[in-house]
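# Coordinate analysis (summary)
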Amino acid sequence: MEITVKSGAAEKQRTACLVCAVFEEAALPAATAAIDEASGGHISTLLKHGDLKGEVGQSLMLYDVPGVNAPRVLLLGAGKKADFNAKTLRKLAEAAFNTLKKSGAADALICFGDLGASEDDETRHLYTAALAMHNAHYRFTLHSADKKSPADKLKKIVFSISGRATKAVTGAMERAAAVSAGMCLTRDLGNLAPNICNPEYLAEQAKTLAKEYKSIKTTVLDERRMKTLGMGSLLAVAQGSEQPPRLIAMEYTGAAKSRKPVVLVGKGVTFDSGGISIKPSASMDEMKYDMCGAASVFGVMRAVAELGLPLNVVGIVPSVENMPSGTATRPGDVVTSLSGKTIEVLNTDAEGRLILCDALSYAEKYKPEAVIDIATLTGACIVALGHHTAGVMGNDDALIGELREAGDKALDPCWQLPMGDEYKDQLKSNFADMANIGTPGAGTITAACFLSNFTEDYRWAHLDIAGVAWKSGAAKGATGRPVPLLMEYLFAQAG
Ligand code: BES
Ligand code: MN
Ligand code: ZN
């Protein structure tokens, strides 16, 4: 689906559907008022009848409105004018898409431009709305025989803008398209079945990205190479599975070689059964999404390369399958990580940190500007923050602040949890340098504390995305988060 912009009077444009907004108990937004006037007050009369109150979520499709070229006008409730914000705009864009895909319209002209311009500028609004519409268009079809969708006939969305299509405006549209393409890749990988999306499959994806983009170079370490390097912790998780592990490195070069890269490390457990500390069977299928940290790294690499951002970015994905078997790691086993530190594995279901620690030590070789790991690391994070907000921790408050700001701006928020020494003490082991689980309480924090033992040489932040990467229930599937947050952070870095 193509999304573009156009300036000029909306009521005069040729389009299958004009989409505009109506506030609750307030004057019409400028674009809607112009259409109302062209129609000789058709819309205001209709509002007086009380068919549309303007509440968020309400919509009304009108046909053959006098004085308007388009055969359809879709009115959307935008809520109270004083409450209008970027989140409302995102809801409007989603509502517009969902109504349009059920109509017969092949294209539409969206006239949201002047809504709430006081809070944010039009360019930002366009980015938000375009990204929301691209994302609403996503459907997972990789396992379907019939890949056709009712939304297919909706070919083109045009945003009506008040001024001229400046570089900033077209740039925002390009960014929205690239970020959504990245998110689609993230969602596809997260949704793929775990018998297909295994560590080798992810490695192939990384090689495909390197073929598509000259700016990306992919290296894949196999089991033998990891053994030689001494990644005993990662290999201990992999040893229970028939699927061999992979450590994938994707290097994107968009700036001078001398510029230090931002390194993203994504947890790539393609299925987490828990291992010998096996999980209960209810919803165990959902543990295919335990590679969504990795999937978000793939999504970001694609978006960054597509846009050619003037930055260097490295994506590292440690990938394994966590299975119980006669060769699996036992509770009580002690393993030696790449850093040389030893770990007592008290629970084989705390496997994410065991693969991340070796990947984080490996990241040192890039002399990074900053390292951000992204992981569906703890169920405790869902208890603490639910499915709305990711957890963020780390060893650098400025970096954490930048991520928090990026998340708020991108409507993909994260929230900082504390990381004092008291929590680190919860990981003490009688038999090794540390245990892989903490004493009861603060499971999200003790997991981050575990990782902090391997990130002493650089600025580091950890995003726990267990709650935000996935939706359960009727809309079960990957969300593509936190790609918008990470891209916003990288946009800020690119300047
Ligand atoms: N992948 C899980 C965390 C998870 C749970 C993500 C639910 C999404 C939804 C992780 O490997 C895990 O099993 N963590 C354990 C840690 C515990 C054994 C200390 C957990 O959260 O229960
Ligand atoms: Mn686990
Ligand atoms: Zn896991």
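To be clear, the structure that these remarks concern was listed above.
In short, a report on the structure. All residue numbers refer to positions counted from 1 along the written sequence of the respective chain. Each chain is given a letter, starting from A, and each ligand a number, starting from 1, according to the order in which they appear as written. Local features in a predicted model are, by the rule used here, given only for residues with pLDDT of at least 70; side-chain atom pairs are given and counted only at 80 or more, and totals for whole chains, interfaces and linings are based on all residues. Hydrogens and water molecules were not included; the side-chain quantities draw on all heavy atoms of the structure.

Before going further, it helps to examine the environment of Glu 306. A run of DSSP states H or I qualifies as a helix once it reaches four residues; a run of E qualifies as a strand once it reaches two. Both are numbered from the N-terminal end. Within the element layout of this structure, Glu 306 appears in helix α9 (residues 292-307). As a C-alpha pair, Glu 306 and Thr 141 span 165 residues in sequence and 23 Å in three-dimensional space.

Running from amino to carboxyl end, helix α5 (residues 167-191) crosses helix α15 (residues 483-494) at an angle of 140°, the nearest separation of the two axes being 10 Å. Taken together, the axis directions place α5 and α15 in an arrangement best described as oblique. In this structure, α5 crosses over α15, and the sense of that crossing is right-handed. Seen from α5, the contacting residues are Arg 175, Val 179, Met 183 and Thr 186; seen from α15, they are Val 483, Pro 484, Met 487 and Phe 491. Class assignment of the residues belonging to the contact of α5 with α15 gives a composition of 6 nonpolar, 1 polar and 1 charged. The axes are straight lines fitted to the C-alpha atoms, using for helices just the contacting stretch, and the angles between their N-to-C directions are given from 0 to 180°. Should an angle fall under 35 degrees it is called roughly parallel, over 145 degrees roughly antiparallel, and 65 to 115 degrees roughly perpendicular, with every other angle called oblique. For any helix crossing, the convention is left-handed if the near helix is rotated counterclockwise from the far helix by under a right angle, and right-handed if that rotation is clockwise. By definition, residues are in contact when any of their heavy atoms lie within 4.5 Å. Throughout this entry, Asp, Glu, Lys and Arg are counted as charged residues, while Ala, Val, Leu, Ile, Met, Phe, Trp, Tyr, Cys and Pro are counted as nonpolar. The remaining residues, Gly among them, count as polar.

On to the site of ligand 1. We define proximity as follows: a residue is near a molecule or strand when any one of its heavy atoms falls within 4 Å of that partner. As a structural note, the neighbourhood of ligand 1 is formed by 17 residues, with Lys 279, Asp 290, Asp 349, Glu 351 and Gly 379 the closest of them. What qualifies as a polar contact is a pair of N or O atoms within 3.5 Å, subject to a donor-acceptor requirement within protein and to the restriction that residues adjacent in sequence count only when both atoms come from side chains. In this structure, Asp 290 approaches ligand 1 through a side-chain N or O atom, which is 2.8 Å from a nitrogen atom. Each accessible area value is a Shrake-Rupley result obtained with a 1.4 Å probe; residue values ignore everything except the protein chains displayed when judging cover. Considering ligand 1 on its own, with 510 Å² of exposed area, one finds that the protein chains cover 77% of that surface. Here the shell around ligand 1 is built from residues that sort into 6 nonpolar, 4 polar and 7 charged.

The next thing to look at is the coordination of the manganese ion (ligand 2). The coordination sphere of the manganese ion (ligand 2), as far as protein atoms go, consists of Asp 272 (OD), Asp 349 (O), Asp 349 (OD) and Glu 351 (OE), spread over 2.1 to 2.2 Å. Around the manganese ion (ligand 2) sit 6 donor atoms; with metal-centred angles ranging over 71 to 168°, the donor geometry is irregular. Listed donor atoms are N, O and S within 2.8 Å of the metal (Na, K and Ca: 3.2 Å). As water is not included, a site may look incomplete. Donor residues for the manganese ion (ligand 2), ordered by position in the chain, follow D-x76-D-x1-E. A distance of 3.2 Å spans the gap from the manganese ion (ligand 2) to the zinc ion (ligand 3), which Asp 272 bridges by coordinating each metal. A residue pair is termed long-range when its members are at least 10 positions apart, and Asp 272 in strand β10 (residues 268-272) and Glu 351 in the loop between β13 (342-344) and α10 (352-363) qualify at 79 residues. Of the two residues, Asp 272 and Glu 351, neither departs from the other in class, the shared state being buried. For four-coordinate sites, all angles between 85 and 135 degrees define a tetrahedron; for four- and six-coordinate sites, opposite donors beyond 155 degrees with the remaining angles between 65 and 115 define square planar and octahedral shapes respectively, and all other cases count as irregular. Remark: exposure states derive from per-residue accessible area (1.4 Å probe, protein chains only) relative to the maximum for the residue type, with buried under 20%, exposed over 50%, and partly exposed in between.

The next thing to look at is empty space enclosed by the protein. Buried and open spaces are told apart on a 1 Å grid over the protein atoms alone, a cavity being a set of points where a 1.4 Å probe fits but cannot get out and a pocket being an open set with protein on both sides within 12 Å along at least five of seven lines. Residues with an atom within 4 Å of a point are the lining residues. Grid points are joined across faces, edges and corners, and a volume is the space filled by probe spheres set on the points. Counting across every chain of the model gives 2 cavities of 30 Å³ or more. The volume enclosed by the largest cavity comes to roughly 70 Å³. Taken together, Ala 236, Val 237, Gly 275, Ile 276, Asn 322, Met 323, Ala 328, Thr 329, Val 345, Thr 348, Glu 351 and Leu 354 make up the full set of residues lining the largest cavity. The residue inventory of the lining of the largest cavity, partitioned by class, reads 7 nonpolar, 4 polar and 1 charged. For the second largest cavity, the calculated volume is near 50 Å³. Surrounding the second largest cavity, Leu 89, Phe 112, Gly 113, Glu 122, His 125, Leu 126, Ala 129 and Phe 159 form its lining.

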